[in-house]
Amino acid sequence: MRLVLLGDGESPHLLKWARALAPRVELWAASSRGFLPEFESLLPPQRRLALGHASAHGGGNIAVIKTLPTLGAWLSKVDADWINAHYLTSHGTLAWAARTGWRLRAQIAASAWGSDILVTPRQGAAYRWLTRRALREARLCTSDSRHMTAVMQGELGAGEVMTFPFGLEVLPKQGAKKQPWLFFANRGLEPLYRPERVIEAFAAVAREQPEARLAVANDGSLRPAVEAQVRALGLAERVEFLGRLDAKTQAGWYARARWYLSLPESDSVAVSVLEAMAHECVPLLSDLPANRELIAPEAGQGLILDEPARLSLATLAGLDAEAAGRANRAWVAGHGLFPPAVERFVARLTELTPPPAHAAAPR
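Residues numbered from 1 in each chain as written. Predicted model: local features only at pLDDT ≥ 70, side-chain atom pairs only at ≥ 80, totals over all residues. Heavy atoms only, no water.

## Focus: the pairing of strand β2 (residues 26-31)
The buried fraction of β2 amounts to six of the six residues, a majority that puts the element mostly inside the structure. Two elements, β2 and strand β3 (residues 48-50), share three bridges in a ladder whose sense is parallel. When the sheet's bridge partners are listed, Ala30 is paired in β3 with Leu49. (Buried < 20%, exposed > 50% of the residue type's maximum accessible area, 1.4 Å probe, protein only. Helix = DSSP H or I, 4+ residues; strand = E, 2+ residues; numbered from the N terminus. Pairing = 2+ DSSP bridges.)

## Some details on the sheet that holds strand β4 (residues 82-86)
What the seven strands build is an open sheet, ordered β3-β2-β1-β4-β5-β6-β7; its pairing is parallel. Both edges of this open sheet fall to β3 and β7 (161-163), since each of them pairs with a single strand only. Adjacent strand axes in the sheet meet at a mean angle of 20° when their direction is disregarded. As defined by bridge partners, strand β6 (residues 140-143) adjoins β7 across three bridges and the pair is classed as parallel. By the bridge assignment for β7, Cys141 is matched with Val161. Along the sheet, helix α1 (residues 12-21) makes contact with β1 (2-7), β2, β4, β5 (107-111) and β6, crossing β1 at roughly 170°. (Axes fitted to C-alpha atoms, helices over the stretch in contact; angles between N-to-C directions. Contact = heavy atoms within 4.5 Å.)

## Side note on empty space enclosed by the protein
Applying the stated rule across the entire model yields one cavity of 30 Å³ or more. Size it by volume and the largest cavity reaches roughly 100 Å³. In terms of lining residues, the largest cavity is bounded by 16 residues, among which Ala185, Arg187, Leu189, Pro195 and Val198 are the most central. Broken down by secondary-structure element, the contributors of at least two residues to the lining of the largest cavity are α8 (195-206), β9 (213-217) and β11 (257-262). Here the element with the most residues in the lining of the largest cavity is α8; it accounts for three residues. (1 Å grid on protein atoms, 1.4 Å probe; cavity = no way out; pocket = protein on both sides within 12 Å on 5 of 7 lines; lining within 4 Å. Points joined across faces, edges and corners; volume = space filled by probe spheres on them.)

## Some details on the layout of surface pockets
Its volume calculated, the second largest pocket comes out at about 230 Å³. Considering the residues around the second largest pocket, the lining is formed by 14 residues, among which Gly175, Ala176, Lys178, His279 and Glu280 are closest to the centre. A per-element tally of the lining of the second largest pocket places helix α14 (residues 321-335) first, with three residues. A class-by-class count of the residues in the lining of the second largest pocket yields four nonpolar, three polar and seven charged. (Nonpolar A, V, L, I, M, F, W, Y, C, P; charged D, E, K, R; others polar.)

## Some details on the sheet that holds strand β12 (residues 282-286)
Taken in spatial order, the six strands of this open sheet run β10-β9-β8-β11-β12-β13, and their pairing is parallel. Only two strands of the sheet have a single partner each, and these edge strands are β10 (239-243) and β13 (303-305). Between one strand and the next, the sheet's axes are offset by a mean angle of 25°, whatever the strand orientation.

## Looking at the environment of Ser111
Along the polypeptide, Ser111 turns up in strand β5. Since its relative accessible area comes to 0%, Ser111 is described here as buried. Distance from Ser111 to Cys141, taken between C-alpha atoms, is 5.6 Å for residues 30 residues apart in sequence. Ignoring sequence-local partners within four residues, the contact set of Ser111 consists of Trp17, Asn84, Ala85, His86, Tyr87, Leu88, Asp116 and Thr142.

## Digging into the confidence of the model for the protein
Summarising the model, the protein shows a mean pLDDT of 92, and 95% of its residues fall at 70 or more. Low pLDDT (under 50) marks residues 56-60, which in the prediction has eight contacts with non-local residues, meaning those over four places away or in another chain. (pLDDT = per-residue confidence, 0-100.)

## A look at α1
Most of α1 sits inside the fold, with seven of its ten residues counted as buried. Those residues of α1 that sit buried are Leu14, Leu15, Lys16, Trp17, Ala18, Ala20 and Leu21. The distance from a side-chain oxygen at the start of α1 to the backbone nitrogen of His13 is 3.1 Å, and the residue carrying that oxygen is Ser11. (Polar contact = N/O pair within 3.5 Å; in protein donor to acceptor, adjacent residues only side chain to side chain.)

## Some points on the packing of helix α3 (residues 68-78) against helix α4 (residues 88-101)
Where α3 contacts α4, the axes come no closer than 9 Å and their chain directions differ by 60°. Classified by the angle between their axes, α3 and α4 sit oblique to one another. Handedness of the α3/α4 crossing: right-handed. For the pair α3 and α4, the contacting residues are Leu68, Leu71, Gly72 and Leu75 in the first and Leu94, Ala97 and Ala98 in the second. Of the residues that constitute the contact of α3 with α4, the class distribution is six nonpolar, one polar and no charged. (Parallel < 35°, antiparallel > 145°, perpendicular 65-115°, else oblique. Left-handed = near helix turned anticlockwise from the far one by under 90°.)

Okay, here's the thing in structure tokens:
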């Protein structure tokens, strides 16, 4: 089965899909920007197309439509069975426009990432129309939470949707000693992720627990404001801003941290939360439907914070953190690994693929 992965080739998330798909299909890839170096070992140059668009963010934007003529001509030569578009407003639009304009026989599998379903359609009628059209043109969709699937089908007209977390490739090794009062946060320092609320939650605990420390990874437009907030609260010696981390360094922080903070305004099932759970962290999360799919507060797996500033030492002390960590890792082992989910996805694509009737494309 010949499949074209269409998305942002400079995103580590798309690379993760490529690694999972490469052993299972004849994989080709088209990127609205360029490709991460790791794609070199996965796909030869003749199976890659870099469109060179300067995306405004990881998911791209509607301006990628300017790349349509180049993409359509390339897809026509590839003659794939499937185009798997990632992030629907941009790359989903490219997929159906190319399929229509170049009369491609390829079917579309549309993979939603979160904000393309939960945020973008609410930004205006044009965005909503594009999202609905991308979903309607897709023979199969994927979603990483039951909540997002319900929105896709109930509000945006999607047909068949496979639901599975955008999970871990492997479970991380264990062995690092947890630091009882080390907190870790690594969502983007952007308005969507509300890093100021992370600081508020930590400050509430830090007032009562002198040993509490917070490590803040990642970067973004709000970093200066959040650093100023930390200084104003007198926490500069207890909060460390780490910037962007490579995977190995980040894994070390997950392994040592007991508590993990993620308080976005909107989210689907976040890979970073799954990573934290796999490292036996206790998640402290915003009150969102997808987060309630991951942890059961009543079972002591973590906390859903309605008002982060009201977090207390007593509330944390009421949790059996070691037991919660073990339960969270077990949940990821049973429900949050990526390769078995991709195996099911490819099996469904195979079922939906008509018998081959095309000649081999140039290799």
